[in-house]
Amino acid sequence: MADKQSIFREVEDLQDRIGIFYQELGKIKLQLQELIEENQRLSLENEHLRDRAKFYVEEHAPVPGEALQYLMSLYEDGFHICNLNYGAMREGDCLFCLQNLQSRT
Amino acid sequence: MQFVIQKSEFLQALQQVTKAIPSRTPKPILTGVLITAKDQKLTLTGYDLEIGIQVDIENHVEDGLNTLQIEQEGEIVLQAKFLLEITRKLPHSLMRIDVQQVTVTLQSGNAVFQLNGLDPREYPDLPIVDDDRGFVLSSGTLKNLIDHTSFAVASSEVRPTIMGVLWRYDEGKLTLTGTDSHRLSKDAVEVESQESYAMMESIIPGKSLQELARILPDDEMPVDIMIENQQLLVTFGHVRFLSGLIEGTFPDTSRIIPTTFRTIIVFTTDELRQSVERADLLARDNDNNIVRFSMRRNNIEIMSHSPEIGKVVESIDPITFEGEDMMIACNARYLLEALRQSPTERVRIEFTGQGSPFLLRPVGKEDLMHLILPVRIANL
C-alpha cells in the first residue's frame, strides 16, 4: 500500500515539474521570437548602412598622403610618432620619428 | 674560516668588487662583500642583482713570502664600505682574518678589529653562465668599443631598450650601437668567435658597460665574452664580470644613417673640439646648449649666445671643404661628447641638411661613427 502511495506521489511530483518545464519552454520561445525579430531588424539596418557607406566611400575617396599629413602634424605638435614611444611628449627632434616620416614619403 | 693575506692584494680585489656593491638597497645583505675561501683560493663577490663582480685571489710567492695562506676554508659576508676603509688604513702589509660563526676578527700589526659579519647563506647566488660559444677580444679593444658607444645611450627610463647598447654579432663582426634618439654612436670590430656563433643581438645596459670599462685594464689582456641565458659574462685575468641584459627589441637604426651628403668638411679634431668647448661656455646657459655653425667655403664660424651673458663668434679653418654652404645648429654637448670619442687626428663631418642628422667620422677609423640630429631653429 505504501508503495502505491509513493508511486502516486512521484507521478504528482513529475506532473509539477513538467508544468514548470512547460512554462520555461514558453518563456524561451518568446525570447527566441524576440531574437529573430531583432536579427531581422539588424540585418536590414546593416544592409542600409552598407549602402550608405558605399555611397560615402564613392563620394569621399581618401586623399593620398592623408596619414602622413596626420603623422607630420602630430610630430610638429610635439609628440613622438615612432614606435618606440608613440604619442609621448617629445623633447627636441627624434631620430626614429624622422626615420618613420622619411620612410613614408 | 681563517686566512692570512697580503693587504695590497686584498685591497685591490676589494676595490674592484665594490664597483658592483650598492650603497643603498632593499636587500641589506647586498651591501656586503661575500668572501669565500676554498681550494687554496680566495674569492670576493659584489652583486647588486644587476651587475656582479667576482675576483679570485691565488697564492704566489713575493720576496720569498706567500701572499695568501688559507688555514681553514669557509665563507662570510662583511659590510663592504667599512671593510674597504679599514683595509686601506691597516698598519701592516699583512692581514689576518679569523671567522667564528659570524664574528670576524681582523688583525694587522697591533690593530685588532672585531666585526659583525652577515650570514653567507643569505647571500643570493650569482646567475650561472655556461656556454661553449663566445668571443675573445683584447681588453683595450673592448674598452674602446664601450667608450665610443655607451655615452650615447638614453638615461630616462621611459624607453628602456635604448638605455642599453645593442651588441650585434654577424659574420665575424661585432657592432655596438648606442642611441638616445637625438644622437647615435656606432663602432665595430672584427672578432673571431670560438664556435660558429650564429647571428646574435643583445641589449646590454649602458650603466653596466660603463662600470665594466672602468675595471678593464688598458692593455692587450685577452677578455672572454659570453652571452647566454639573459646574462653577459666577461672574464679577464682573475676577474669575472656579470650583467643582466635588457629585454625587448632595439629600434631599427638601419635607415637612420644618411648615405647622400650635401656638404663634407674635414677638421682637425682637437681644434674643432676646443672651439666648440669655448662656444659651449655660453651655450650652456641657453635652453638646448645650442651652438650654430655657419659654413661657407673658406669661412666657417662657430657661434653661440646667451641672452643674459653675451655671445661668442669664432672662425675655424677646415682642412677640406666639399659641397654647398650650410647653416646648422646643434646641441654642443652632443657634439663635444662625440668629438671626445673620436680618437683620430682628423674628423670628417658630413651634412645632409638642416633637418637631417649629420655624421661625424674619425678619419682613418671607418667603423666608428657618431650621428647627431641638428636643432631646428627659425632665424639662422
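Cut-offs and rules
- Residues numbered from 1 in each chain as written.
- Chains lettered and ligands numbered in written order.
- Predicted model: local features only at pLDDT ≥ 70, side-chain atom pairs only at ≥ 80, totals over all residues.
- Heavy atoms only, no water.
- Pairing = 2+ DSSP bridges.
- Helix = DSSP H or I, 4+ residues; strand = E, 2+ residues; numbered from the N terminus.
- Axes fitted to C-alpha atoms, helices over the stretch in contact; angles between N-to-C directions.
- Contact = heavy atoms within 4.5 Å.
- Domains from an automatic or database assignment.
- Salt bridge = Lys/Arg side-chain N within 4 Å of Asp/Glu carboxyl O.
- Buried < 20%, exposed > 50% of the residue type's maximum accessible area, 1.4 Å probe, protein only.

J.: I tried to follow the sheet that holds strand β1 (residues 2–6) of chain B on my own but got confused; where do I start?
T.: Hydrogen bonds along the backbone pair up the strands of a sheet, which may run parallel or antiparallel. All names here are of chain B. Pairing within the open sheet is antiparallel, and its five strands lie in the order β7-β1-β9-β10-β11. Strands at the two margins of the open sheet, each flanked by one partner only, are β7 (68–72) and β11 (111–116). Taken pair by pair, the neighbouring strands of this sheet meet at an average axis angle of 15°, ignoring direction. The pairing of β1 with β7 spans four bridges and is antiparallel. Bridging across to β7, Ile 5 finds its partner in Leu 68. The strands touched by helix α1 (residues 7–17) are β1 and β9 (94–100); relative to β1, the strand with the most contacts, the crossing angle is about 95°. On the sheet, helix α2 (residues 80–88) packs against β9, β10 (103–108) and β11 and is oriented at approximately 175° with respect to β11.

J.: Could you clarify how one ought to interpret the domain arrangement of chain A in this entry?
T.: Quoted interface sizes are often the accessible area lost when the parts come together. Taken domain by domain, chain A holds domain 1 (1–59) and domain 2 (62–105). Inter-centroid distance (C-alpha atoms) of domain 1 of chain A to domain 2 of chain A is 53 Å.

J.: Would you take a moment to explain the pattern of salt bridges for this structure?
T.: Overall, the coordinates contain 26 salt bridges over all chains when judged by the stated rule. Of the charged contacts, one joins Asp 93 of chain A and Arg 90 of chain A as a salt bridge, the two residues approaching to 3.4 Å between their closest N and O atoms. Since its relative accessible area comes to 12%, Asp 93 of chain A is described here as buried. Of the charged contacts, one joins Glu 71 of chain B and Arg 96 of chain B as a salt bridge, the two residues approaching to 2.7 Å between their closest N and O atoms. Taken together, the positions of Glu 71 of chain B in strand β7 and Arg 96 of chain B in strand β9 put the pair 25 residues apart, joining distant regions of the chain. Looking at Arg 96 of chain B, the relative accessible area reads 25%, which means it is partly exposed. Bridged by salt links that share partners, the residues Glu 76, Arg 90 and Asp 93 of chain A together with Arg 376 of chain B form one connected network.

J.: Just to check I follow, could you spell out unusual backbone geometry for this structure?
T.: Residues and elements named next belong to chain B. The backbone of Asn 229 sits at a positive phi, close to 55°, despite the residue not being glycine. Its place among the elements puts Asn 229 in the loop between β17 (222–228) and β18 (231–236). Given a relative accessible area of 57%, Asn 229 falls into the exposed group. Look at Gln 230: it is not a glycine, yet its phi comes out positive at around 60°. Along the chain, the position of Gln 230 falls in the loop between β17 and β18.

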